[in-house]
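In case you want the letters, here they are:
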Amino acid sequence: MSSGGYTFGDSALAATRLALLAEVFDQTTAGFLGGFRAMRPRLVVDLGCGPGFTTTLLRDLLSPERVVAIDSSPAFVNEAARRLGASAEVLAADVMDLPDAITEVDLLFARFVLTHLSHPAAAVEEWVRRLAPGGVVALEEVESITTDEPVVGAYLDLQRWMLTANDNLLEVGPVIEQAAQQRGWTFRSTIVSLTPPTPMVARMFAMNFETLRARPAVLENVSSVELDGIAHGLAAVSTSQTAAPTTWRLRQLSITNSWRNM
């Protein structure tokens with residue numbers, strides 16, 4: 001994905017977690033991407049493709065002539081290549097240091113990638129430079145996550161702290177909106193909300209937590225009692241029928257390369 005690496009790793013567990021994430025978010029993402037059908041993009045690039053779930057959406061929804069998927073993880077690149085076969089090119093590369101061949105792109109897409117980058121606005125600026133005239137950078141990122149479920153809230157607080165310690169940001173959506181305004185980009189921005197079933201949310205977060213709790217910074221700053229409490233709590237919520245909801249607000253932002261037509 002990036003030079004900093006994916007916060008939750010690229011293990012088999014991480015891939016399983018991304019499959020569940022796709023199940024949770026693909027319908028919302030498909031609604032966003034469907035708005036680009038009229039572009040008839042010839043070259044579509046999926047940044048931070050992971051195992052290839054978002055690339056599959058791009059391919060199936062937009063039917064471009066060429067699809068390129070990019071991730072820095074060899075494990076995810078191999079899995080994406082198996083999933084996509086000859087329908088896409090899958091490249092191992094850093095999203096902050098794209099190959100020279102990635103240029104004149106009609107649609108460049110990233111979902112939940114900027115939250116793992118130390119300089120998200122600079123990343124978007126670089127991606128915009130890779131667009132063809134009239135091309136679009138389409139981004140889907142977290143605006144906010146709210147919950148009334150205590151253990152889910154405890155997990156989210158720990159995730160926010162860990163991301164901040166890595167110079168990252170969970171709710172990066174407002175940062176990108178502000179960057180677009182400051183740079184005078186031509187853009188459209190929408191907020192969408194969704195509230196997946198809480199047991200599904202807990203299962204997804206529990207998979208994250210297995211990786212998160214093993215990080216040295218977490219082990220040095222959070223007691224084993226607290227970590228065990230979060231793990232047990234998420235396990236309980238994953239089978240609960242009465243858990244409180246967790247709601248995502250997602251920033252869907254599309255930046256158009258309009259000035260290069262001049």
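As shown above, the structure is provided for reference.
To start, this report covers the structure provided alongside it. (Residues numbered from 1 in each chain as written. Predicted model: local features only at pLDDT ≥ 70, side-chain atom pairs only at ≥ 80, totals over all residues. Heavy atoms only, no water.)

**Here we look at the overall build of the protein chain**
Summing up its helical and strand segments, the protein chain has nine helices and seven strands in all. Relative to a compact globule of 262 residues, whose C-alpha radius of gyration would be 18 Å, the protein chain shows 18 Å and is just as compact. Once the C-alpha set of the protein chain is aligned to its principal axes, its extents read approximately 60 × 40 × 35 Å. Looking at the protein chain residue by residue over its 262 residues, the buried ones come to 56%. Within the protein chain, residue pairs in contact and separated by at least 24 positions form 79% of the contacts whose partners lie at least 6 positions apart. With 20 positive and 29 negative side-chain charges, the protein chain shows a separation of 6 Å between the mean positions of the two kinds. (Helix = DSSP H or I, 4+ residues; strand = E, 2+ residues; numbered from the N terminus. Rg over C-alpha atoms; globule rule 2.2 N^0.38 Å. Buried < 20%, exposed > 50% of the residue type's maximum accessible area, 1.4 Å probe, protein only. Contact = heavy atoms within 4.5 Å. Lys, Arg positive; Asp, Glu negative; His and termini not counted. Charge placed at Lys NZ, Arg CZ, Asp CG, Glu CD.)

**A look at the pattern of salt bridges**
Here the idea is simple: oppositely charged side chains can pair when their charged atoms come close. Inspection of every chain in the model, using the stated rule, returns 12 salt bridges. Of the charged contacts in the structure, one is a salt bridge between Arg-251 and Glu-143, with a shortest N-O distance of 2.8 Å. In this pair, Arg-251 is assigned in strand β7 (residues 246-256) and Glu-143 in strand β5 (residues 131-147), connecting sequence segments 108 residues apart. Shared partners join several salt bridges into a network, and the residues in it are Glu-126, Arg-129 and Arg-130. (Salt bridge = Lys/Arg side-chain N within 4 Å of Asp/Glu carboxyl O.)

**Description of the pairing of strand β1 (residues 43-47)**
Burial within β1 is extensive, with five of its five residues counted as buried. Burial along β1 is two-sided: the face carrying Leu-43, Val-45 and Leu-47 and the face carrying Val-44 and Asp-46 are both buried. Pairing of β1 with strand β2 (residues 66-71) involves five bridges; the strand directions are parallel. Looking at β2, one finds that Val-45 is bridged to Val-68. Where β1 meets strand β4 (residues 105-111), four bridges bridge the pair, whose relative direction is parallel. For Leu-47, the partnering residue across the bridge sits in β4 and is Ala-110. (Pairing = 2+ DSSP bridges.)

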